[in-house]
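Reading the structure
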Amino acid sequence: MSVRRRAALTRRILAGAVLLLAATASVPLRPYAPSQVVVAVALDVEGRGIVYSWGGGHADEPGPSTGTCRGYTGRILPCPATRTVGLDCSGFTRWVYALAHGRDVLGPGTTDDHVRRMRRVGSPVPGDLVFFGKVTKKRLRTHHVGIYLGGGRMVNAPETGAVVRVDRIDQVKGFAGFYRL
């Protein structure tokens, strides 16, 4: 994706978020109001057909980028990440949260890095992150993250060869919990 197309996409997503905020300005907000914006932005991104790229979304600024083949374990060989502009799961959530919050609140890093910046919640709301892997007091090893939509669904960048899409949470093994900033 060219820099010009990336900038245009970012402007459209931000415009959609502003419209959502303006439309709901007179509606009393819940305690975790950014969740509504996170969901709106995530669904907007999902509708744009952005492809998965291992390591994509981890440039200095959040957003689609070429990935890396370091640590790649995907089914498509040879690794296509270095020639694919897209997002991996943590790059996707980082970008959506940056668009929704107006700044890079998750920062660069892996799903493990992101879960460390958040707190686990027992009663999730749409917009929370859902992590998969092992999260205990002694061990942290996550392998996937998505944005919770409610009703057992999430928006996520699932795997090489796929696009950002809505999936059921139970389609991914190793549910580790819901997390919020």
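Residues numbered from 1 in each chain as written. Predicted model: local features only at pLDDT ≥ 70, side-chain atom pairs only at ≥ 80, totals over all residues. Heavy atoms only, no water.

With that settled, consider the state of the cysteines. Enumeration over the complete set of coordinates arrives at one disulfide. The disulfide that involves Cys-69 links it to Cys-79, with 2.2 Å between the sulfurs. Given an S-S torsion of about -95°, the disulfide between Cys-69 and Cys-79 has left-handed geometry. Of this pair, Cys-69 sits in the loop between strand 1 (65-66) and strand 2 (85-86) while Cys-79 sits in the loop between strand 1 and strand 2; the two residues are ten residues apart in sequence, bridging distant segments of the chain. Accessibility expressed as a relative area gives 31% for Cys-69, which makes it partly exposed. What makes Cys-79 buried here is its relative accessible area of 13%. (Disulfide = S-S within 2.5 Å. Helix = DSSP H or I, 4+ residues; strand = E, 2+ residues; numbered from the N terminus. Buried < 20%, exposed > 50% of the residue type's maximum accessible area, 1.4 Å probe, protein only.)

Below, the discussion takes up the sheet that holds strand 3 (residues 119-121). If you walk across this open sheet you meet the six strands as 3-8-4-5-6-7, and the pairing is antiparallel. The open sheet terminates on both sides in strands that have one partner only, identified here as strand 3 and strand 7 (165-168). Direction aside, the axes of adjacent strands within the sheet are offset by 50° on average. Relative to the sheet, helix 3 (residues 89-101) contacts strand 4 (129-135), strand 5 (140-150) and strand 6 (153-156), its axis offset from that of strand 5 by approximately 45°. (Pairing = 2+ DSSP bridges. Axes fitted to C-alpha atoms, helices over the stretch in contact; angles between N-to-C directions. Contact = heavy atoms within 4.5 Å.)

Another aspect to go through is the environment of Glu-46. The residue Glu-46 is located in helix 2 (residues 34-46) in this model. Placed 109 residues apart in sequence, Glu-46 and Val-155 show a C-alpha to C-alpha distance of 7.1 Å. In this view, Glu-46 contacts Val-155, Val-164, Arg-165 and Val-166; residues no more than four positions away in its chain are not counted.

Among the nonpolar cores identified, the biggest contains 30 residues, and Phe-92, Val-96, Leu-129 and Phe-131 are the most heavily contacted of them. Considering every element that reaches this core, the biggest residue donor is helix 3, with seven residues. Among all residues touching Leu-129, those that are not within four sequence positions of it are Thr-93, Tyr-97, Leu-106, Met-118, Val-145, Gly-146, Ile-147, Gly-177, Phe-178 and Tyr-179. In terms of nonpolar packing, the next biggest core, distinct from the first, is built from seven residues, Val-130, Tyr-148, Met-154 and Ile-169 among them. (Core = buried A, V, L, I, M, F, W, Y, C linked by side-chain atoms within 4.5 Å.)

Turning our eyes to something else, we now look at the side chain of Asp-88. Residue position: Asp-88 is located in the loop between strand 2 and helix 3. Buried and unpaired, Asp-88 has no salt bridge, with Arg-94 as the nearest side chain of opposite charge at 8.5 Å. Engagement of the side chain of Asp-88 in a polar contact is seen with the backbone nitrogen of Gly-91, the distance being 2.7 Å. Setting aside its immediate chain neighbours within four residues, Asp-88 contacts Tyr-52, Ser-53, Trp-54, Gly-55, Gly-56, His-58 and Ala-157. (Lys, Arg positive; Asp, Glu negative; His and termini not counted. Salt bridge = Lys/Arg side-chain N within 4 Å of Asp/Glu carboxyl O. Polar contact = N/O pair within 3.5 Å; in protein donor to acceptor, adjacent residues only side chain to side chain.)

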